[in-house]
Amino acid sequence: MGSLLQDLKYSARMLAKNPAFTLVAVITLALGIGANTAIFSVVNAVLLRPLPYKNSDRLVTFWGSNPQLGFSGPASVCDPDYSEWRTQTRSFDEMAGFREATANLTGVGEPARLTGWEVTRSFFPLLGVTPVAGRLFSPGEETPGHDHVLLISDALSLSRFGSESAALGKTVKMDGEFYTVAGVMPAGFAFPSRADFWKPVDLAPDCHNSSLRIIARLKPGATMKDAQKAMTLVAHRLDEAGHKNRYGVWNLSPVRLVDEMAGSIRPSLLILLAAVGIVMLIACANVANLLLARAATRQREMAIRGALGAGRNRVIRQMLTESVLLSFIGGGLGLLLATWGRDALVSLIPKNLAPPGFIGQVAAVNIDVRVLVFTSALVLFTGIIFGLAPALQASKPNLNDALKEGRRTSTASFASRGIRSVLVVSEIAMALVLLIGAGVLMRSFIKLMNVDPGFDPQNVLTMNVELPDSRYTDATQMIAFEQNALERLSKIPGVHHAGAVFGLPLGDMLIRGDISIEGQPAPPPDVTPSKSVVSDDYFRAAGMHLLKGRYFNVHDTQTSAHVAIINETMARRFWPNRDPIGQRIKPGFSHDQWCSIVGVVGDVKQSSFAEKPSTALYLPYAQAPGAFLMQDISFVLRSDAEPLKVADQARQAINAVDPDLPVFDVATMQELVFQSMAEPRFNTVLLGIFAALAFVLATVGIYGVMSYTVTQRTHEIGVRLALGAEHGDVLTLVVGQGMMLTLIGEAMGLAAAFGLTRFLADFLFGVQPTDPMTFIGVSLLLSAVALAATYIPARRAMRVSPMVALRYE
């Protein structure tokens, strides 16, 4: 222990004697360690940390897939199927169901739109969550007529009632019906997502509603294979009982809840973790090069130690102590950088990159014990890795040469130069891999931004309302509200067009289903169109392109001939060689009248900019039956000024029609476009930042090696010049050596990138992972920068005076 303390003190003195070296090394390490710690803190919170629920390692949910529809995602079942699952499967301790619910809160302050969940009584006991005030649902409260009780969030209790206890027993009015607050949930509870309320689910006896999600807890000792077998048997029984449909059998698979909640963020985080790992390796290579250069200047010191009896192991331990101490100093600074970087990283993560429950996990990102252990291990590992080669090199000096009074300092060993060259080649190769990865993502993002969405987002305001079914019970009332609201909205100064739609572009609301086409067989499931009901001025308000025919107008009423508008893809799919105008279709559901096609509009990116065009059908709001009229209505206003300037007037116009109706999700269409780009922007920006950091470190590395090489070869260069070598020969010698290292590193990097960029295929749009333009462009850029990094030391070598160099010490 005494010798270790002595080594630490000596190391600290040596680092303090070389502040420039210490500062560069510490900053380099801090950047690498800080980036790794920040990314790992998010990975720890999302992928590694146990979920805050009872026996979370045994919680599962279910995914469904249908090859005929090409769908794979969270499974939603009908209520009777859930009852069968719960009673027939033997692999689970408990099972619970939940489905999304929304409601308009009135009578307690300003009207507000609330989001919540309808849940079975087993939901909270399964998760092991209890209220902070009040109670859970009792058995009788799960039956219709007795289910008007609520559990509310901590935030809602504080904002509306002042405290959790004050909310208990209070009556609130939601969608025109009264509910009693039975309990208040903890502030951190956010499963399956953040919500304002939870109420008992009303399980229907039939399969008209197939929106129930399922969560279950495996029995102790039960495996995922056991659960899969159990679910397959139940699925076959339900099929035999007549629960089939024309789309075939759904394949159900249990999925661990932790995997479900990680969602699509998992691949992005793992790629970023690999990227910062590469940055860390480049930083280690840089510091190792610095230590190798420093070790060459300390050969005399090490030789004296050896002459006085210090063994090789003793010298290695001293050198490793210095490198580990340097690493811990860099790690301390890196931990501070990680605290800031973690917050910046969390703020950049798009909320639509993962299922809703992920948001609660992100909120829990912090520097905990596991992160500290990871950082400490990383610091120790990197300290040994970058310090090992210099320590081995310094531990075996040539005592005779090193102790000679007149020894020239240019006699750096071939092994030392070789190690530094290998480190530079490795840096260049790793930096090239990151730069190419960032490059293909950037090219993909640019192509995505240039996609025509099919509408004009400039100067467009959007807002949503939800009509409570307790007050808007039929199509007549819904149509009357829509027409009255649009009449008032269109009179707002500066508003040119006002429209309404269910299924706003770049949203998640979409209806698909069967249609009948006159003179044609029923279309297959994979080409059934999306169906939207729109007001007559919606297309102009959204800025959609009319290709043929006409828009809807005020003459398209319930009593006039029924009409429809289709998009370009639907026209090309079903009438490839004919004019679709005048053709007739039946929209399905309860709309059993023939509708004549009166117009064709351009394709619209309904869900995302990367989606392929699909068939779409539009019906006039005034002619749509109740089955097509949803409670959710999106209003679209096109103005001649900044859209948000008319937001207050628009909200007042809607409240003038129904004062108890909250207006929510007010945003410009440009904001929706920006949000839809969140995922590719996140991946591109983060990988671009790490690639740029790697690029800078690699450039500094090659400059440092070439600069040190020139210093070490000053005597040799002087001899060459004295024997008649031209300055251009010296320039060629130094630059050639640097570019040779660069080209070798690029060759290795290109080979690695060719294989590794394939992991980015799922993140790309319109660009191949092996995009030639990116590979060539990035290689040329790195070559140009490397040329500049070698040219500066080469210019210094050209100015060497032969007389000075020949007596260079």
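K.L.:
Outline the overall build of the protein chain, listing residues and values.
P.N.:
The secondary structure content of the protein chain amounts to 25 helices and 23 strands. The 809 residues of the protein chain split such that 52% are buried.

K.L.:
Tell me about the pattern of salt bridges, and please be specific about residues and values.
P.N.:
Following the criterion strictly, the structure yields 17 salt bridges and no others. Put simply, Glu 118 and Arg 99 hold a salt bridge, and the shortest N to O gap is 3.3 Å. Of this pair, Glu 118 sits in strand β4 (residues 112–119) while Arg 99 sits in strand β3 (residues 92–106), placing them 19 residues apart in sequence. Comparing Glu 118 with Arg 99, the two get one shared label, buried.

K.L.:
Before we move on, could you go through helix α20 (residues 669–676) and cite the residues and values that matter?
P.N.:
Those residues of α20 lying buried are Met 669, Leu 672, Val 673 and Ser 676. Around the axis of α20, the buried residues are gathered within 100° of arc, so they sit on the same side.

K.L.:
A description of the nonpolar core should follow, citing residues and the corresponding values.
P.N.:
Across soluble globular proteins, nonpolar side chains have a tendency to be buried as a group. By size, the foremost hydrophobic cluster in this structure holds 81 residues, and its most contacted members are Leu 326, Phe 386, Leu 434 and Phe 690. Elements with a contribution of two residues or more to this core: α2 (19–48), α9 (265–297), α11 (312–348), α13 (369–394), α15 (414–449), α21 (678–712), α23 (727–756) and α24 (772–798). Per element, the largest residue contribution to this core is 16 residues, and it comes from α9. Dropping the residues within four chain positions of it, Phe 386 is found in contact with Leu 29, Cys 284, Val 287, Ala 288, Leu 291, Ser 323, Leu 326 and Ser 327. Core analysis: the second largest hydrophobic core is formed by 48 residues, Ile 511, Ala 571, Leu 619 and Ile 633 among them.

K.L.:
So, unusual backbone geometry: which residues are in play, and what are the values?
P.N.:
A positive phi angle, near 45°, is found at Asn 55, a position not held by glycine. With respect to the helices and strands, Asn 55 occurs in the loop between α2 and β1 (59–66). When its relative accessible area of 32% is taken as the criterion, Asn 55 is described as partly exposed. Phi at Asn 459 takes a positive value of approximately 55°, unusual for a residue other than glycine. Looking at where Asn 459 falls in the secondary structure, it is placed in the loop between α15 and β12 (460–466).

K.L.:
Tell me about the pairing of strand β10 (residues 213–218), and name the residues and values.
P.N.:
Taken across its 6 residues, β10 has 6 buried, putting it largely inside the fold. Taking every second residue as pointing to the same face, both faces of β10 are buried, with Arg 213, Ile 215 and Arg 217 on one and Ile 214, Ala 216 and Leu 218 on the other. Pairing between β3 and β10: 6 bridges, direction antiparallel. If you follow Glu 94 over to β10, its bridge partner there is Arg 217.

K.L.:
Which residues make up the packing of aromatic side chains, and what values go with them?
P.N.:
A complete count under the given rule lists 19 aromatic pairs for this structure. Between Tyr 53 and Phe 191, the ring centres sit 5.5 Å apart and the planes meet at 65°, which makes this aromatic pair edge-to-face. In this pair, Tyr 53 sits in the loop between α2 and β1 while Phe 191 sits in the loop between β8 (177–184) and β9 (197–200), placing the two residues 138 residues apart along the sequence. In this pair, the class of Tyr 53 matches that of Phe 191, namely buried. A ring pair is formed by Phe 98 and Trp 117, whose centres lie 5.7 Å apart and whose planes are at 75°; its orientation type is edge-to-face. Taken together, the positions of Phe 98 in strand β3 and Trp 117 in strand β4 put the pair 19 residues apart, joining distant regions of the chain.

K.L.:
Account for the environment of Val 132, naming residues and giving values.
P.N.:
Among the structural elements, Val 132 can be located in the loop between α4 (123–127) and β5 (133–134). Taking the C-alpha atoms as reference points, Val 132 and Ser 165, separated by 33 residues in sequence, lie 9.1 Å from one another. Excluding anything up to four places from it in sequence, Val 132 contacts Glu 164, Val 184, Met 185 and Pro 186.

K.L.:
Go over the confidence of the model for the protein chain with me, naming the residues and quoting the values.
P.N.:
Per-residue confidence for the protein chain averages 81 on the pLDDT scale, and 85% of its residues sit at or above 70. Throughout residues 355–359 the model reports pLDDT below 50, and contacts reaching past four residues in sequence, or to other chains, amount to 17 contacts. Counted against residues more than four places away or in other chains, residues 405–412, with its pLDDT under 50, gives 17 contacts.

K.L.:
Tell me about a nonpolar patch on the surface, and name the residues and values.
P.N.:
Nonpolar side chains collect at one region of the surface, where Leu 23, Ile 27, Leu 31, Leu 333, Leu 336 and Leu 337 lie side by side and expose about 510 Å² of accessible area between them. Mapping Leu 23 onto the fold places it in helix α2.

K.L.:
Give a detailed account of the side chain of Thr 22, specifying residues and quantitative values.
P.N.:
As for its placement among the helices and strands, Thr 22 is situated in helix α2. Judged by relative accessible area, Thr 22 falls into the buried class, the value being 13%. Beyond its immediate chain neighbours, meaning those up to four positions away, Thr 22 contacts Leu 15 and Leu 326.

K.L.:
Explain the packing of helix α16 (residues 475–489) against helix α19 (residues 647–657) to me, and be specific about the residues and the numbers.
P.N.:
Packing of α16 against α19 leaves a shortest axis separation of 9 Å and a crossing angle of 145°. α19 is crossed by α16, and the crossing has right-handed handedness. Residues Phe 481, Asn 484, Ala 485, Arg 488 and Leu 489 of α16 lie in contact with α19, whose contacting residues are Ala 650, Ala 653, Ile 654, Ala 656 and Val 657. When its residues are assigned to classes, the contact of α16 with α19 shows 8 nonpolar, 1 polar and 1 charged.

K.L.:
So, the packing of α23 against α24: which residues are in play, and what are the values?
P.N.:
Where α23 contacts α24, the two axes come as close as 8 Å, and the packing angle between them is 155°. What the angle tells us is that α23 and α24 run roughly antiparallel. In this structure, the crossing between α23 and α24 has a hand that is right-handed. Here His 727, Val 730, Leu 731, Val 734, Val 735, Gly 738, Met 739, Thr 742, Glu 746, Leu 750, Ala 753 and Phe 754 of α23 lie close against α24, whose contacting residues are Phe 775, Ser 779, Leu 782, Ser 783, Ala 786, Leu 787, Thr 790, Tyr 791, Ala 794, Arg 795, Ala 797 and Met 798. Of the residues assigned to the contact of α23 with α24, the class counts are 16 nonpolar, 6 polar and 2 charged.

K.L.:
Can you lay out the side chain of Glu 141 for me, pointing to particular residues and giving the numbers?
P.N.:
Structurally, the position occupied by Glu 141 is in the loop between β5 and β6 (149–152). Classification of Glu 141 as buried rests on a relative accessible area of 10%. A polar side-chain atom of Glu 141 sits 2.7 Å from a polar atom in the side chain of Arg 135. Excluding anything up to four places from it in sequence, Glu 141 contacts Arg 135, Leu 136, His 146, Asp 147, Val 149 and Pro 200.

K.L.:
Outline the environment of Gly 599, supporting the account with residue identities and numerical values.
P.N.:
Inspection of the secondary structure assignment puts Gly 599 in strand β20 (residues 595–601). Separated by 19 residues in sequence, Gly 599 and Tyr 618 have C-alpha atoms that sit 9.7 Å apart. When residues no more than four places from it in sequence are discounted, the contact partners of Gly 599 are Lys 548, Gly 549, Arg 550, Ala 564, Ile 565, Ile 566 and Ile 581.

K.L.:
Now, about the environment of Val 600: what can you tell me, with residues and values included?
P.N.:
In this structure, Val 600 sits in strand β20. Residues within four places of Val 600 in sequence aside, it is in contact with His 545, Leu 546, Leu 547, Lys 548, Ile 565, Ile 566, Asn 567, Glu 568, Ala 571, Pro 580 and Ile 581.

Parameters at a glance
Residues numbered from 1 in each chain as written. Predicted model: local features only at pLDDT ≥ 70, side-chain atom pairs only at ≥ 80, totals over all residues. Heavy atoms only, no water. Helix = DSSP H or I, 4+ residues; strand = E, 2+ residues; numbered from the N terminus. Buried < 20%, exposed > 50% of the residue type's maximum accessible area, 1.4 Å probe, protein only. Salt bridge = Lys/Arg side-chain N within 4 Å of Asp/Glu carboxyl O. Arc of directions from axis to C-beta. Core = buried A, V, L, I, M, F, W, Y, C linked by side-chain atoms within 4.5 Å. Contact = heavy atoms within 4.5 Å. Pairing = 2+ DSSP bridges. Phe/Tyr/Trp six-rings, centres within 6.5 Å; stacked < 30°, edge-to-face > 60°. pLDDT = per-residue confidence, 0-100. Patch = residues over 30% accessible without salt bridge, like charges linked within 9 Å, V, L, I, M, F, W, Y side chains within 5 Å. Areas by Shrake-Rupley, 256 points an atom, 1.4 Å probe, with all protein chains shown as cover. Axes fitted to C-alpha atoms, helices over the stretch in contact; angles between N-to-C directions. Left-handed = near helix turned anticlockwise from the far one by under 90°. Nonpolar A, V, L, I, M, F, W, Y, C, P; charged D, E, K, R; others polar. Parallel < 35°, antiparallel > 145°, perpendicular 65-115°, else oblique. Polar contact = N/O pair within 3.5 Å; in protein donor to acceptor, adjacent residues only side chain to side chain.

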